[in-house]
Amino acid sequence: MPIKAIDHVQLAMPFGGEAVARAFYEDVLGIPEVPKPPNLAKRGGCWFGHGALRVHLGVENDFRPARKAHPAFLVEGLPALKTRLEAAGYTCRTDEPLAGYDRIYVDDPFGNRIEFMEPL
């Protein structure tokens, strides 16, 4: 099979939301911002990454948040992450149990659904 892996996840954001994206993805979640190539930086948005984890936020003119479609991030220390998210003002939600995982959902500052999963 020629497809080997996912390189990055792209989420949409409204124009001018870079500071809010940084406050959530870098400050709350701890994913460092990485520079966008100059030819792409002019479009706005921002990129975050650490090792194989890469999340790109791109500006969408007719922005609508992804309410159902979502990335799912594997984490260590889900209870501590939940506490950090709630302390920053985000509401964490649960869903039906998934065998082998503890998991929560949260909306990023733009309303995009994000799932955090910790193997049991």
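No experiment lies behind these values; they were computed from the predicted model shown.

Each value, and the rule that gives it
- Residues numbered from 1 in each chain as written.
- Predicted model: local features only at pLDDT ≥ 70, side-chain atom pairs only at ≥ 80, totals over all residues.
- Heavy atoms only, no water.
- Phe/Tyr/Trp six-rings, centres within 6.5 Å; stacked < 30°, edge-to-face > 60°.
- Helix = DSSP H or I, 4+ residues; strand = E, 2+ residues; numbered from the N terminus.
- Lys NZ or Arg CZ within 6 Å of the ring centre and 35° of its normal.
- Pairing = 2+ DSSP bridges.
- Contact = heavy atoms within 4.5 Å.
- Axes fitted to C-alpha atoms, helices over the stretch in contact; angles between N-to-C directions.

> Help me understand the packing of aromatic side chains, please; the structure alone is not making it clear to me.
Given two aromatic rings, their pairing is described by the distance between the two centres and the angle made by the two planes. As enumerated under the stated definition, the model contains five aromatic pairs in all. Both rings, one in Phe 73 and one in Phe 116, keep their centres 6.0 Å apart while their planes meet at 40 degrees; by these two values the pair is tilted. In this pair, Phe 73 sits in strand β5 (residues 72-74) while Phe 116 sits in strand β7 (residues 113-119), placing the two residues 43 residues apart along the sequence. Over the ring of Tyr 105 we find Arg 113; its NZ or CZ atom is 4.0 Å from the centre of that ring.

> Explain the sheet that holds strand β1 (residues 9-13) here, please?
Pairing between sheet strands relies on hydrogen bonds along the backbone, with the strands arranged either parallel or antiparallel. Strand order in this open sheet of four strands is β1-β4-β3-β2, and the pairing throughout is mixed. A single partner strand is all that each edge strand has here, and the edge strands are β1 and β2 (33-34). In terms of strand pairing, β1 meets strand β4 (residues 53-59) through five bridges, oriented parallel. Residue pairing across strands places Val 9 opposite Val 55, the latter belonging to β4. Its contacts with the sheet place helix α1 (residues 18-28) against β1, β2, β3 (46-50) and β4, and it is angled at close to 15 degrees to β3.

> How do you make sense of the pairing of strand β6 (residues 101-107) when you look at a structure like this?
A regular strand places its side chains so that they alternate between the two faces of the sheet. By the bridge criterion, seven bridges tie β6 to β7 in an arrangement that is antiparallel. Considered in β7, the bridge of Asp 102 is made with Glu 118. Counted between consecutive antiparallel strands, the loop separating β6 from β7 contains five residues, among which Gly 111 sits at a positive phi close to 95 degrees.

> What should I look at first to understand the sheet that holds β6 in this one?
The sheet built from three strands is open, its strands ordered β5-β7-β6 with mixed pairing. The open sheet has two edge strands, β5 and β6, and neither has a second partner. Mean inter-strand twist for the sheet, computed between neighbouring axes without regard to direction, equals 25 degrees. Helix α3 (residues 78-87) rests against β6 and β7 of the sheet, and its axis sits at about 15 degrees to β6.

> Explain the environment of Leu 53 to me, please; I cannot follow it from the model alone.
With respect to the helices and strands, the residue Leu 53 is situated in strand β4. Separated by 21 residues in the primary sequence, Leu 53 and Leu 74 place their C-alpha atoms 9.9 Å from one another. Discounting chain neighbours no more than four positions away, the residues touching Leu 53 are Ile 31, Phe 48 and Phe 73.

By themselves, these observations are geometric and do not establish any function.
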